[in-house]
Amino acid sequence: MRPTIELTTKGGYRVTFNDYLTGGEQRKITSIFLEGVEVGVDENGKPKMSSIRADVSDRAQDMAISLIVVSVEGVEGDTPLEKTLNLPASDFSEVVSQVEQIQNGLSEKKSEK
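Since the structure is predicted, the reported quantities are computational estimates derived from the model, not experimental observations.

**Some remarks on the confidence of the model for the protein chain**
On average, residues of the protein chain score 89 in pLDDT, and 94% of them reach the 70 mark or higher. Note that residues 109–113 has pLDDT below 50 and, in this model, 14 contacts with residues that lie over four places away or in other chains.

Rendered as structure tokens:
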């Protein structure tokens, strides 16, 4: 069983997170970015990013939340992602900040289960 950490947001919502991403999970997030980017070649034959779809960031963030957030107590929704998206904006920002720290391998253990 993967270790988890808990955070109680300033609004009082208790959120449980997986303590880390697996390699396979990180690849799922990375693939969203790669699918949303068009790469071309400049006049010197070097690759360059020609465009990125507007929804890529939100889709990647949703994937990260769905892989990292285990549970959210005190808010309506069927899945941890839906519950996270239903949080008040300030609490949502706290959760996203923690998700990003975990995604980048920088999580601080608040309490381990």
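**Comments concerning the nonpolar core**
Residues F17, I65, V69, L87, V95 and V99 are the most contacted members of the largest nonpolar core, which totals 24 residues. Elements with a contribution of two residues or more to this core: β1 (4–8), β2 (14–18), α1 (23–35), α2 (56–68), β5 (69–73) and α4 (89–103). Ranked by residue count, the leading element in this core is α2, at 6 residues. Filtering out sequence-adjacent residues up to four positions away, V99 remains in contact with F17, A64, I65, I68 and V69.

**What to know about the packing of α1 against α2**
As a packed pair, α1 and α2 sit with axes 9 Å apart at the nearest point and diverge in direction by 170 degrees. Taken together, the axis directions place α1 and α2 in an arrangement best described as roughly antiparallel. Counted together, E25, K28, I29, I32, F33 and E35 of α1 and V56, R59, A60, M63, A64 and L67 of α2 form the full contact between these two elements.

**With respect to the pairing of strand β4 (residues 47–52)**
One ladder, built from 5 bridges, connects strand β3 (residues 37–41) with β4; its direction is antiparallel. Within β4, the residue paired with G40 across the bridge is K48. The loop that links β3 with its antiparallel partner β4 comprises 5 residues; one of these, G45, has a positive phi angle of about 85 degrees.

**Considerations on the packing of aromatic side chains**
For any pair of aromatic rings, the description consists of the separation of the ring centres together with the inter-plane angle of the planes. Under the definition given, this model contains 0 aromatic pairs. The ring of Y20 has R2 sitting right over it, with the charged end atom 5.1 Å from the ring centre.

**What to know about the environment of T22**
Checked against the element boundaries, T22 lands in the loop between β2 and α1. On a C-alpha basis, the gap between T22 and I102 in space is 11 Å, while along the polypeptide they are 80 residues apart.

About the cut-offs
Residues numbered from 1 in each chain as written. Predicted model: local features only at pLDDT ≥ 70, side-chain atom pairs only at ≥ 80, totals over all residues. Heavy atoms only, no water. pLDDT = per-residue confidence, 0-100. Contact = heavy atoms within 4.5 Å. Core = buried A, V, L, I, M, F, W, Y, C linked by side-chain atoms within 4.5 Å. Buried < 20%, exposed > 50% of the residue type's maximum accessible area, 1.4 Å probe, protein only. Helix = DSSP H or I, 4+ residues; strand = E, 2+ residues; numbered from the N terminus. Axes fitted to C-alpha atoms, helices over the stretch in contact; angles between N-to-C directions. Parallel < 35°, antiparallel > 145°, perpendicular 65-115°, else oblique. Pairing = 2+ DSSP bridges. Phe/Tyr/Trp six-rings, centres within 6.5 Å; stacked < 30°, edge-to-face > 60°. Lys NZ or Arg CZ within 6 Å of the ring centre and 35° of its normal.

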